[in-house]
Amino acid sequence: MKFKLLKFICFFLFFFSFSISTKALSTSYKDIVKDIVNIEEIEISTDKINIYLFYSETCPHCHKELVYFETLKQSNYQDKINIYTFEVSDQINNANLKKVKELFKENRPGVPYTLIGEQAILGFGDSTSDRIQTILNNYLKEDPKEESIKEENTNYKLPLLGKIDVKNYSIFLIALVLGLIDGFNPCAMWILLLLINMSLNTKNRKKMFLVGLTFILTSGLVYFLSMLGIGFIVDLTTITIIRDLIAIVAIILGIYNLIIYIKTRKETGCHVVKKEKRKFIIEKINNILESKSFLLGLLGTIILALSVNLVELACSLGFPTIFLEILSLNNILGFQKIIYLLVYIIFYLLDDLIIFLIAVFTLKTKGISTKYNKIVNLVGGILMIIMGILLIFKPEWIMLNF
Amino acid sequence: MKIIKINAMWCPGCLITKSIWQEIEKEYPHHEYINLDYDLDEEKIEKYKIGDILPVVIIENNNQEIKRIIGEKNKKEILKELEDLL
């Protein structure tokens, strides 16, 4: 449904044009990559700019950039540029990519990586072609507007809201939905409920607030750091087989969720957690609540949150991995990626925070009906299967390009 | 009649059912209601041999179990199960 809506919106996306130059090269142009790639046929001339593109056969953004370069070659830039492409599954090209990234002090992994003179661009997003055009025009002495090249743009002007980027809003929405669904995962929820209920018995609202908040925030931090780690691996692996592997795992987890739903749809209530596990957690919480030292109590809470969340992490890795793959496919890196991860985490923690705050203010614990868990199993399972299938057969849809 | 409610602190379904039973207790005060915690009253609940689903409500008459309600139920469902007993 969501994709249909996006497809509809995308039909109305605007196109824009950009200008080119046909004049001689600026003296500021310096080809600093040539010596690294060390290819004999590279042409050095006074009126042509060399563009180097490191790409992967399996990366959809790279394909987009290659298509863009084909268009660029047909434009009035054709006499002004040489485009050299290097596929990174080749060992030498991969080694050269590393050297080039070192030269440009680029720490982030991934391709496409475009180099023009002393400028480098990692990724290919909405504004990359604009940036390439600006770089080319700066290296060319004049920039008369002669020809336009059509280029996809996801900026859309809406009444009242002004100019919005549909893609960014869509990813925000995906972060919100996946984070919320993931948050309903009962794996770690039972520990929070136990902590809240046991703290309620102390009748010490301040202690309850600090212990609960520390537990929730530490849990969020563990999840955030784990997602950063997974994201690093996802970005590092530009190989299709890894993406397919993630997709297959998503489909398997989706099917597993559906089986759980079918098996337990008529059951209500909670499945008993293993005795040893319960005893261990209850003992730790007792130690925290009975601790006379405030700092030791908080430290105990942090250790408890760290340990249980690390143990329970495997229980809910499906959605974070899919979300990170979506970010990777959409070339969302660096600071922007952190922002989206934080959005995901906030919505992941939302149900915990609501339950916790209600308990602090009313001194009563509210549970989320186990009936909702069944719905989450069903919706989550279907979503995982759809995402997995799209990752394999239509990754460009996950890139929100229809 | 004795109504034994077995809940756990970590079980969200128990929390939902617990508040419903509080209402029922007010409406039918002439019965004996006993709350047991799955973790804290381990010895007491052992004899009931409850399975792996919580909450469990056991209704006894003259120390004989006459009804068992397993799982999270809404008020209507609970009252329906107990319509001949309460």
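Residues numbered from 1 in each chain as written. Chains lettered and ligands numbered in written order. Predicted model: local features only at pLDDT ≥ 70, side-chain atom pairs only at ≥ 80, totals over all residues.

1. As for the packing of helix H10 (residues 275–290) of chain A against helix H11 (residues 294–312) of chain A
Residue and element names in this part refer to chain A. Where H10 contacts H11, the axes come no closer than 8 Å and their chain directions differ by 160°. As summarised for this structure, H10 and H11 are arranged roughly antiparallel, according to the angle between their axes. You can see that H10 and H11 cross each other, and the crossing is left-handed. Across the interface between the two elements, Ile-281, Lys-284, Asn-287 and Ile-288 of H10 pack against Gly-297, Gly-300, Thr-301, Leu-304 and Val-308 of H11. Here the residues of the contact of H10 with H11 are counted per class, giving 4 nonpolar, 4 polar and 1 charged. (Axes fitted to C-alpha atoms, helices over the stretch in contact; angles between N-to-C directions. Helix = DSSP H or I, 4+ residues; strand = E, 2+ residues; numbered from the N terminus. Parallel < 35°, antiparallel > 145°, perpendicular 65-115°, else oblique. Left-handed = near helix turned anticlockwise from the far one by under 90°. Contact = placed C-beta atoms within 7 Å. Nonpolar A, V, L, I, M, F, W, Y, C, P; charged D, E, K, R; others polar.)

2. What about the confidence of the model for chain B?
Detailed reading of predicted coordinates is not advised where the pLDDT is low. Of the residues in chain B, 99% have a pLDDT of 70 or more, and the chain-wide mean is 90. With a pTM of 0.67, the predicted complex shows an ipTM of 0.84. (pLDDT = per-residue confidence, 0-100.)

3. Regarding the sheet that holds strand E2 (residues 32–37) of chain B
Sheet strands pair by backbone hydrogen bonding; their relative direction is either parallel or antiparallel. Residues and elements named next belong to chain B. The 4 strands lie next to each other as E2-E1-E4-E5, forming an open sheet whose pairing is mixed. Both outer strands of the open sheet, E2 and strand E5 (64–70), are each paired with one neighbouring strand and no more. Neighbour-to-neighbour, the strand axes of the sheet open up by a mean angle of 20°, direction not taken into account. In this structure, strand E4 (residues 56–61) lies alongside E5, joined through 6 bridges in antiparallel fashion. Along E5, the bridge assignment pairs Glu-60 with Glu-65. (Pairing = 2+ DSSP bridges.)

4. Looking at the sheet that holds strand E4 (residues 113–116) of chain A
All names here are of chain A. An order of E3-E2-E4-E5 is seen for the 4 strands of this open sheet, with the pairing classed as mixed. Strands with a single pairing partner mark the edges of an open sheet, and in this sheet they are strand E3 (81–87) and strand E5 (119–122). Sheet twist, expressed as the mean angle between neighbouring strand axes with direction ignored, is 15°. Strands strand E2 (49–55), E3 and E4 of the sheet are contacted by helix H4 (residues 91–103), whose axis makes an angle of about 115° with E3.

5. Remarks on the nonpolar core
One recurring pattern in soluble globular proteins: nonpolar side chains tend to sit buried together. With 70 residues, the main nonpolar core has A:Leu194, A:Leu195 and A:Phe323 as its most contacted residues. Take this core: its biggest share by element is 10 residues, from helix H7 (residues 186–200) of chain A. The contact partners of A:Leu194, leaving out residues within four places of it in the chain, are A:Ile281, A:Ile282, A:Ile285, B:Met9 and B:Trp10. Of all hydrophobic cores here, the second largest spans 29 residues; its members include A:Tyr29, A:Phe69, A:Leu72 and A:Ile135. (Core = buried A, V, L, I, M, F, W, Y, C linked by C-beta atoms within 7 Å. Buried ≥ 20, exposed ≤ 12 C-beta atoms within 10 Å, placed from the backbone.)

6. Overview of helix H5 (residues 128–139) of chain A
All names here are of chain A. Taking 1.5 Å per residue as the helical rise, H5 with its 12 residues ought to reach 16 Å, and the 17 Å between its terminal C-alpha atoms agrees with that figure. Among the residues of H5, Thr-128, Ser-129, Ile-132, Gln-133, Ile-135, Leu-136 and Tyr-139 are the ones counted as buried. Down the axis, H5 shows its buried residues gathered within 165° of arc, on one side only. (Expected span 1.5 Å × (residues − 1). Arc of directions from axis to C-beta.)

7. Some words on the pairing of E4(B)
Residues and elements named next belong to chain B. Taken together, the 5 bridges between strand E1 (residues 2–7) and E4 define a ladder with antiparallel strand orientation. Bridging from a neighbouring strand, Ile-6 pairs with Val-56 of E4. Linking E4 to E5, which pair antiparallel, is a turn of 2 residues; within it Asn-62 sits at a positive phi near 55°.

8. Some thoughts on the interface of chain A and chain B
Each partner contributes residues to the interface: chain A has 21 residues there, and chain B has 18 residues. With 6 residues, the top contributor of residues to the side of chain A that touches chain B is H7(A). Its residues assigned to classes, the side of chain A that touches chain B shows 10 nonpolar, 8 polar and 3 charged. Pairing geometry for strand E9 (residues 270–271) of chain A and strand E3 (residues 53–54) of chain B, over 2 bridges, is antiparallel. From the neighbouring strand, A:Cys270 faces E3(B), where its bridge partner is B:Leu54.

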